[in-house]
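# Observations on the three-dimensional arrangement
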Amino acid sequence: MMLLLFLGTMALSLLASWRVRSAYNRYSQVRASSGYTGAQIAQRILDLNNIRDVSIHAMPGHLVDHYDPGQRRLVLSEENYHGTSVAALGISAHECGHAIQHQQLYGPLQWRMAAVGITQIASQVVMWIPLLGLMGGFFPYHLVITIMAIGFGIMMLFQLVTLPVEFDATARAKKVLASTGAVSAGPEYSAMSKVLDAAALTYVAAFVSSLAYFMYYILQMVGGRSNDE
Ligand SMILES: [Zn+2]
């Protein structure tokens, strides 16, 4: 059962990340006719939203793009920073979506930021408990199972609030790329959408995986209790 869960969630996350890579590899070859680079459209979107305190940086590496709310930095991979493909524009605009959420104090982003610390602790705990062999013997089994359930519960809630954050950033990106004409309607728009939709699915996969582990330990707790009685 545990092995099935492990292999199933592993396969799901590999499939999701493979889909992102293949969509990205394909559509990073499709140049947007507007000629904007990722950095240029990011600056334009920040300007349109009167965001003056976010700086845009290029970083070596593949798909390392992210928005850092602590440092107010929008980090784009060099490929997307300099690139003029529909994939580069889509990803740059998506990261701007997070900067806009931050500026507007968008609720789910606030919750997500508040939960980062405890989620990091939870993910360490659920990794170390099985590695240290605490599942067998030393501590009472039901206590260990309860800790695992709480740990995965925290991770599951974190992945759950990540979903509106990611879907909202993607919706904002699509809208602004269409309204500024950075990505033209038709094939360019649908190619850009495919990259962003594939990326959103990786977050759905992460949520489903954490939910599956959480349910597994809840079932173990319930099962363990009924065995005691
Ligand atoms: Zn995002």
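Residues numbered from 1 in each chain as written. Predicted model: local features only at pLDDT ≥ 70, side-chain atom pairs only at ≥ 80, totals over all residues. Heavy atoms only, no water.

In the annotation of an unreviewed UniProt entry, the protein is listed under the name Zinc metallopeptidase and assigned to Prosthecobacter dejongeii.

On to the UniProt feature "transmembrane region" (unreviewed entry) in the protein, then. UniProt annotation of "transmembrane region" (unreviewed entry) refers to residues 141-161 and 198-219 when read in the numbering used here. Overall, residues 198-219 shows 100% helix and 0% strand. The separation of its end C-alpha atoms is 32 Å. (UniProt positions renumbered as here; feature names shortened; annotations may be inferred. Helix = DSSP H or I, 4+ residues; strand = E, 2+ residues; numbered from the N terminus.)

Before going further, it helps to spend a moment on the nonpolar core. Residues Leu46, Leu74 and Leu177 are the most contacted members of the largest nonpolar core, which totals 33 residues. Among the secondary structure elements, those contributing two or more residues to this core are helix H1 (2-27), helix H2 (38-48), strand S3 (73-77), helix H4 (86-103), helix H6 (141-179) and helix H7 (187-228). Considering each element in turn, this core owes the most residues, eight residues, to H4. One finds Leu5, Val126, Met155 and Met156 within the second-largest nonpolar core, a separate group that totals 17 residues. (Core = buried A, V, L, I, M, F, W, Y, C linked by side-chain atoms within 4.5 Å. Buried < 20%, exposed > 50% of the residue type's maximum accessible area, 1.4 Å probe, protein only.)

Right, let's get into the coordination of the zinc ion. For the zinc ion, every protein donor is listed as His94 (NE2), His98 (NE2) and Glu166 (OE), and the spread of their distances is 2.0 Å. Sequence positions of the donors to the zinc ion reduce to the motif H-x3-H-x67-E. With histidine 94 and histidine 98 both in helix H4, this residue pair falls four residues apart, about one helical turn. In terms of burial, histidine 94 and histidine 98 fall into one category: buried. (Donors = N, O, S within 2.8 Å, 3.2 Å for Na, K, Ca; no water.)

Before going further, it helps to spend a moment on the sheet that holds S3. Read across the open sheet, the three strands follow the order S1-S3-S2; overall the sheet is mixed. Every other strand in the sheet has two partners, leaving strand S1 (55-59) and strand S2 (66-68) as the edge strands with one partner each. Neighbour-to-neighbour, the strand axes of this sheet turn through a mean angle of 25°, independent of strand direction. Relative to S3, S2 is paired through three bridges, and the arrangement is antiparallel. Among the inter-strand pairings, tyrosine 67 is bridged to a residue of S3, identified as leucine 74. In the packing of H2 onto the sheet, contacts are made with S1 and S3, and the angle to S3 comes to roughly 155°. (Pairing = 2+ DSSP bridges. Axes fitted to C-alpha atoms, helices over the stretch in contact; angles between N-to-C directions. Contact = heavy atoms within 4.5 Å.)

Taking 1.5 Å of rise per residue, the 26 residues of H1 would be expected to cover 38 Å, and the 38 Å separating its terminal C-alpha atoms lies within 8% of that figure. What H1 keeps buried is the set Leu5, Thr9, Ala16, Val20, Ala23, Tyr24 and Tyr27. (Expected span 1.5 Å × (residues − 1).)

Attention now moves to the pairing of S3. Along S3, four of the five residues are buried, which leaves the element largely enclosed by surrounding structure. Here S1 pairs with S3 via five bridges, running parallel. Counted as the bridge partner of methionine 59 is serine 77 from S3. Taking the residues that link successive antiparallel strands as the turn, the S2-S3 hairpin has four residues, and the phi of arginine 72 there is positive, at about 50°.

Glancing now at the environment of alanine 114. By the secondary structure assignment, alanine 114 is in helix H5 (residues 107-131). Taking the C-alpha atoms as reference, alanine 114 lies 9.9 Å from phenylalanine 158; in sequence the two are 44 residues apart.

Taken together, Leu3, Phe6, Leu7, Met10 and Leu14 make up a surface patch of nonpolar side chains, about 500 Å² in accessible area. Structurally, phenylalanine 6 is set in helix H1. Accessibility expressed as a relative area gives 40% for phenylalanine 6, which makes it partly exposed. (Patch = residues over 30% accessible without salt bridge, like charges linked within 9 Å, V, L, I, M, F, W, Y side chains within 5 Å. Areas by Shrake-Rupley, 256 points an atom, 1.4 Å probe, with all protein chains shown as cover. Salt bridge = Lys/Arg side-chain N within 4 Å of Asp/Glu carboxyl O.)

In helix packing, the relevant descriptors are the interaxial angle and the interaxial distance, both defined with respect to the helix axes. As a packed pair, H4 and H6 sit with axes 7 Å apart at the nearest point and diverge in direction by 120°. Between H4 and H6, the angle falls in the class oblique. Crossing angle aside, the handedness with which H4 passes H6 is right-handed. Only Val165, Glu166, Asp168, Ala169, Thr170, Arg172, Ala173, Val176 and Leu177 of H6 make contact with H4, whose side of the interface consists of Leu89, Gly90, Ala93, His94, Gly97, His98, Ile100 and Gln101. For the contact of H4 with H6, the class distribution of residues is eight nonpolar, six polar and three charged. (Parallel < 35°, antiparallel > 145°, perpendicular 65-115°, else oblique. Left-handed = near helix turned anticlockwise from the far one by under 90°. Nonpolar A, V, L, I, M, F, W, Y, C, P; charged D, E, K, R; others polar.)

Counted under the stated rule, the structure contains four salt bridges. Close ionic contact of arginine 172 with aspartate 168 constitutes a salt bridge, the shortest N to O distance being 2.6 Å. Of the two residues, arginine 172 and aspartate 168 are both situated in helix H6; the distance of four residues between them amounts to about one turn of the helix. Look at arginine 172 and you get partly exposed, because its relative accessible area is 23%. The salt bridge involving lysine 174 is made with aspartate 197; its shortest N-O contact spans 2.9 Å. Pair noted here: lysine 174 is in helix H6 and aspartate 197 is in helix H7, with a separation of 23 residues, a long-range link. Look at aspartate 197 and you get partly exposed, because its relative accessible area is 36%.

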